[in-house]
Amino acid sequence: MIRGFTYQALPMRVVFGAGALARLPEEVAALGLDRVLVLCSPEQADTGKLVAEALGDRAAGVLAEARMHVPIEVATQARALAAELGADGCVAVGGGSAIGLGKAIALEHGLPVIAVPTTYAGSEMTPVWGLTEAGAKRTGRDERVLPRSVLYDAELTCTLPAGMSVTSGMNAMAHAVEGLYAPDATPIISLMAEEGVRAMAGALPRVVADGADLDARSDAQYAAWLCGGVLAATTMSLHHKLCHALGGTLDLPHAQTHTVVLPHALAFNQPAAPDAVAALSRALGGVDDPAGELWTLAGRLGAPRSLRELGMAEDDVPRIAELAVANPYANPRPVTLEGVTALLRAAWAGEPPAAG
Ligand code: NAD
């Protein structure tokens, strides 16, 4: 039975396909932009240059300074440069860090952002921004930061190393998993979530086998698009709270942390989320235990499975558990200190996930 719901569609234009970068000048022109600032991470400076070249006269400059979690100093520098160059928009090429920097500029100056995502993190689909100041990350929602146009070009993802591809893909699936049991889940978003998990779980082994397999890369980007859309439309629960606490407090790497925590958070919630379990079982090929299947998949693809190997000390478990229960939030199963502590201990040690 379909229960009552409220669904708010977000304005979103997507240009999808290997080679889509060639359509970037059209997208920029369609938005009436003449001088766009290209943003990327230092590691992707070459990609940033490639994008600027594709734009010709419409590129005002390249800033290759994007960093994880958008430090306020980098945001301030980017905002000043955009003003100095008289930029009328930004093209953010890269993962969540580059797109996050574009959002930081949009938040202050209202400049439209065009996103060219090269990981599977999904930030390009959301109106969520983040800024980190004095070690604390603030996040918020603002439709001005939602990219006006998103170009998915699988060719740009072929350089994403296998390890990062897997953890980024697991990060994407985490959005879909939590969207399926979200308090504001809706039928259309649940379809996207199930299909996103199916497509990502199917694509990742092929991506790992051959990083230049454009079909596999396109399937993974299609999945990332769907999962990002789920993140934008629903309220995230225990899994995202835990990852936020682990990343913000201990500076653990974003995608890897999601990869380790997801099977454990899902195993914890599975007994209280039968519809989500049914959807994930279908998406993962008819398995009985989706959490166990995701843990096995991560292991088979060589991804980290313990917080210990990400550099977390066991002594930090109680602190993170307390943070995760400090403020109430919607979750299918009541979040208790005891339950979260057991979950974190298993994730820290790399044990198979258990409902607890
Ligand atoms: P990232 O953007 O930091 O990228 C990780 C590294 O991979 C960088 O060095 C980058 O240059 C490199 N890289 C990216 N694509 C590559 C490619 N195709 N080839 C070679 N190298 C490549 O990592 P991420 O996981 O994409 O993003 C994480 C950040 O995004 C976090 O700060 C997270 O909080 C944020 N995020 C925000 C939202 C949102 O809705 N606001 C959603 C998801 C993630």
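Reading guide: rules and limits
- Residues numbered from 1 in each chain as written.
- Predicted model: local features only at pLDDT ≥ 70, side-chain atom pairs only at ≥ 80, totals over all residues.
- Heavy atoms only, no water.
- Phe/Tyr/Trp six-rings, centres within 6.5 Å; stacked < 30°, edge-to-face > 60°.
- Helix = DSSP H or I, 4+ residues; strand = E, 2+ residues; numbered from the N terminus.
- Buried < 20%, exposed > 50% of the residue type's maximum accessible area, 1.4 Å probe, protein only.
- Lys NZ or Arg CZ within 6 Å of the ring centre and 35° of its normal.
- Axes fitted to C-alpha atoms, helices over the stretch in contact; angles between N-to-C directions.
- Parallel < 35°, antiparallel > 145°, perpendicular 65-115°, else oblique.
- Left-handed = near helix turned anticlockwise from the far one by under 90°.
- Contact = heavy atoms within 4.5 Å.
- Nonpolar A, V, L, I, M, F, W, Y, C, P; charged D, E, K, R; others polar.
- Near = heavy atom within 4 Å.
- Polar contact = N/O pair within 3.5 Å; in protein donor to acceptor, adjacent residues only side chain to side chain.
- Patch = residues over 30% accessible without salt bridge, like charges linked within 9 Å, V, L, I, M, F, W, Y side chains within 5 Å.
- Areas by Shrake-Rupley, 256 points an atom, 1.4 Å probe, with all protein chains shown as cover.
- Salt bridge = Lys/Arg side-chain N within 4 Å of Asp/Glu carboxyl O.
- Pairing = 2+ DSSP bridges.
- Right-handed = clockwise from strand over helix to strand, strands pointing away.
- Core = buried A, V, L, I, M, F, W, Y, C linked by side-chain atoms within 4.5 Å.

> Please explain the packing of aromatic side chains as it appears in this structure.
For any pair of aromatic rings, geometry is given as the distance between the ring centres together with the angle between the planes. Under the definition given, this model contains two aromatic pairs. Aromatic side chains Phe-16 and Tyr-152 sit 5.8 Å apart centroid to centroid with 45° between the ring planes, which places their arrangement in the tilted category. Pair noted here: Phe-16 is in strand E1 (residues 14-16) and Tyr-152 is in strand E8 (residues 149-152), with a separation of 136 residues, a long-range link. Overall, Phe-16 belongs to the partly exposed group, its relative accessible area being 38%. Using a relative accessible area of 1% as the deciding quantity, one classes Tyr-152 as buried. Relative to Trp-225, the ring of Tyr-222 lies with its centre 6.3 Å away and its plane at 50°, an arrangement referred to as tilted. On the criterion of helical spacing, the pair formed by Tyr-222 and Trp-225 is a turn pair, its members being three residues apart in helix H7 (residues 214-233). The class for Tyr-222 is partly exposed, based on a relative accessible area of 26%. Just above the ring of Tyr-329 sits the side chain of Lys-241; from NZ or CZ to the centre is 5.2 Å. The aromatic ring of Trp-295 is capped on one face by Arg-305, whose charged end is 3.6 Å from the ring centroid.

> How should I be thinking about the packing of helix H12 (residues 317-326) against helix H13 (residues 337-349) in this particular structure?
Helix packing for two helices is described by the angle between their axes and how far apart those axes are. Orientation of H12 relative to H13, taken along the N-to-C sense of each, is 135°, at an axis distance of 9 Å. With respect to their mutual orientation, H12 and H13 come out oblique. The element H12 and its partner H13 pack so that their crossing is right-handed. Contact residues: Val-317, Pro-318, Ile-320, Ala-321, Glu-322, Ala-324 and Val-325 in H12; Leu-337, Val-340, Thr-341, Leu-344, Arg-345 and Trp-348 in H13. When its residues are assigned to classes, the contact of H12 with H13 shows ten nonpolar, one polar and two charged.

> I tried to follow the site of the ligand on my own but got confused; where do I start?
By nearness alone, 23 residues border the ligand, and Ser-97, Thr-118, Thr-119, Thr-126 and Thr-159 come closest of all. Contacts to the ligand include Gly-96, whose backbone N or O atom sits 2.8 Å from an oxygen atom. Val-128 has a polar backbone atom sitting 2.9 Å from a nitrogen atom of the ligand. Tallied by class, the residues present in the shell around the ligand amount to seven nonpolar, 13 polar and three charged.

> How do you make sense of the environment of Ala-22 when you look at a structure like this?
In this fold, Ala-22 is placed in the loop between E1 and helix H1 (24-30). Each C-alpha atom, one on Ala-22 and one on Gly-122, is 22 Å from the other, the two residues being 100 residues apart in sequence.

> I tried to follow a nonpolar patch on the surface on my own but got confused; where do I start?
A cluster of nonpolar side chains, contributed by Ile-2, Phe-5, Tyr-7 and Ile-188, occupies part of the molecular surface with about 410 Å² of accessible area. Examined against the element boundaries, Ile-2 turns out to sit in the segment before E1. Among the residues examined, Ile-2 registers a relative accessible area of 62% and is labelled exposed.

> For this particular structure, what's the right way to read the pairing of strand E2 (residues 36-39)?
Regular strands have side chains that alternate between both faces of the sheet. Alternating positions in E2 separate into two faces, Val-36 and Val-38 on one and Leu-37 and Leu-39 on the other, with burial throughout. Bridging between E2 and strand E3 (residues 59-63) involves four bridges; their strand directions are parallel. In the sheet register, Leu-39 faces E3, and the bridge partner there is Leu-63. Where the polypeptide runs from E2 across helix H2 (residues 45-55) and back to E3, its parallel neighbour, the crossover connection is right-handed. The pairing of E2 with strand E4 (residues 89-94) spans four bridges and is classified as parallel. Paired with Val-38 across the two strands is Val-91, which belongs to E4.

> Mind showing me how you'd approach the nonpolar core here?
Soluble globular proteins tend to pack their nonpolar side chains together in the buried interior. The biggest cluster of nonpolar side chains holds 44 residues, and the ones touching the most others in it are Tyr-120, Met-173, Val-177, Val-197, Met-200, Leu-266 and Leu-294. Elements represented by at least two residues in this core include exactly helix H5 (162-180), helix H6 (187-209), H7, helix H9 (254-269), helix H10 (274-283) and helix H11 (290-300).

> What is the right way to look at the sheet that holds E1 in this model?
The strands making up a sheet associate through hydrogen bonds between their backbones, and the pairing can be parallel or antiparallel. Taken in spatial order, the six strands line up as E1-E8-E5-E4-E2-E3 in an open sheet, and their pairing is parallel. Only two strands of the sheet have a single partner each, and these edge strands are E1 and E3. Here the strands of the sheet are splayed against their neighbours by 15° on average, with no regard to which way each runs. The pairing of E4 with strand E5 (residues 113-117) spans five bridges and is parallel.

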